[in-house]
Amino acid sequence: MSGAFFPYLMVLLWLALAAVVVYLYSRLQRLESKRDSVTSLYLDQLQQQISALQRDVSRLQSRAENRNHSDPGLSPYNQAIEMIRQGLTASEVASRCGISRSEAELIVSLYRNSPTS
């Protein structure tokens, strides 16, 4: 009796083993899919950071070029006064001279309609 039962037991074990292999394979596929989506998201975030850094570098290069082209004898505040007298806005003066916007606004309030202009 036990000899007739053995082949059925082997078939049952092979079927169980096949089911485990199929389950593990499908689990592996889901994990790989999740890994790919996380990797893609991470790469997108890195690309955004790189783009922001490139914009910052371009802005800083432009600011450095503006400083190099301006009169080296003038301080940023003297340059700002001249620009304000030429009619530039406080925002433009702040970005070109490398001073804060509040400093540029103060210079505007002091020198925009100055009688010495």
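All values derive from a computational prediction rather than experimental measurement.

Enquirer: Teacher, can you tell me more about the pattern of salt bridges here?
Expert: Opposite charge on two side chains lets them pair, provided their charged atoms get close. Per the counting criterion, the structure on display carries four salt bridges. The salt bridge involving arginine 35 is made with aspartate 36; its shortest N-O contact spans 3.1 Å. Ionic pairing is found between glutamate 82 and arginine 85, a salt bridge with its closest N-O pair at 3.8 Å. With glutamate 82 and arginine 85 both in helix H2 (residues 76-85), this residue pair falls three residues apart, about one helical turn.

Enquirer: Help me understand the packing of helix H3 (residues 90-97) against helix H4 (residues 101-111) in this model?
Expert: Each pair of packed helices gets described by two things: the angle between the helix axes and the distance between those axes. Following both chains from N to C, one finds H3 and H4 inclined at 125 degrees, their axes separated by 8 Å at the closest point. In terms of orientation, H3 lies oblique with respect to H4. Helix-helix and strand crossings are classified by hand; for H3 and H4 the assignment is right-handed. Residue-level contacts link Ala90, Ser91, Val93 and Ala94 of H3 to Arg101, Ala104, Glu105 and Val108 of H4.

Enquirer: Sorry if this is basic, but what is going on with the packing of H2 against H4 here?
Expert: The geometry of H2 relative to H4 is characterised by a closest axis approach of 9 Å and an angle of 55 degrees between their N-to-C directions. Between H2 and H4, the crossing angle belongs to the class labelled oblique. Relative to H4, the crossing made by H2 is right-handed. Taken together, the residues of H4 that come into contact with H2 (itself represented by Tyr77, Ala80, Ile81, Ile84 and Arg85) are Glu103, Ala104, Ile107, Val108 and Tyr111. Among the residues forming the contact of H2 with H4, the class breakdown is eight nonpolar, no polar and two charged.

Enquirer: Honestly, the nonpolar core in this entry has me stumped. Any pointers?
Expert: Proteins that are soluble and globular tend to have nonpolar side chains buried together. By size, the foremost hydrophobic cluster in this structure holds 13 residues, and its most contacted members are Ala80, Val93, Cys97, Ile99, Ala104 and Ile107. Contributions of two or more residues to this core are made by H2, H3 and H4. Setting aside residues no more than four positions away along its own chain, isoleucine 107 makes contact with Tyr77, Ala80, Ile81, Ile84, Ile99 and Arg112.

Enquirer: Hey, could you run me through H4 in this one?
Expert: Given 3.6 residues to a turn, an α-helix orients residues that are three or four positions apart in the same direction. The complete set of buried residues in H4 reads Ala104, Ile107 and Val108. All buried residues of H4 fall inside an arc of 105 degrees around its axis, so they share one side. Opposite the buried face of H4, by more than 90 degrees, sit the exposed residues Ser102, Ser109 and Leu110. Among the structural elements, H2 and H3 are those in contact with the buried residues of H4.

Quick notes on the rules
Residues numbered from 1 in each chain as written. Predicted model: local features only at pLDDT ≥ 70, side-chain atom pairs only at ≥ 80, totals over all residues. Heavy atoms only, no water. Salt bridge = Lys/Arg side-chain N within 4 Å of Asp/Glu carboxyl O. Helix = DSSP H or I, 4+ residues; strand = E, 2+ residues; numbered from the N terminus. Axes fitted to C-alpha atoms, helices over the stretch in contact; angles between N-to-C directions. Parallel < 35°, antiparallel > 145°, perpendicular 65-115°, else oblique. Left-handed = near helix turned anticlockwise from the far one by under 90°. Contact = heavy atoms within 4.5 Å. Nonpolar A, V, L, I, M, F, W, Y, C, P; charged D, E, K, R; others polar. Core = buried A, V, L, I, M, F, W, Y, C linked by side-chain atoms within 4.5 Å. Buried < 20%, exposed > 50% of the residue type's maximum accessible area, 1.4 Å probe, protein only. Arc of directions from axis to C-beta.

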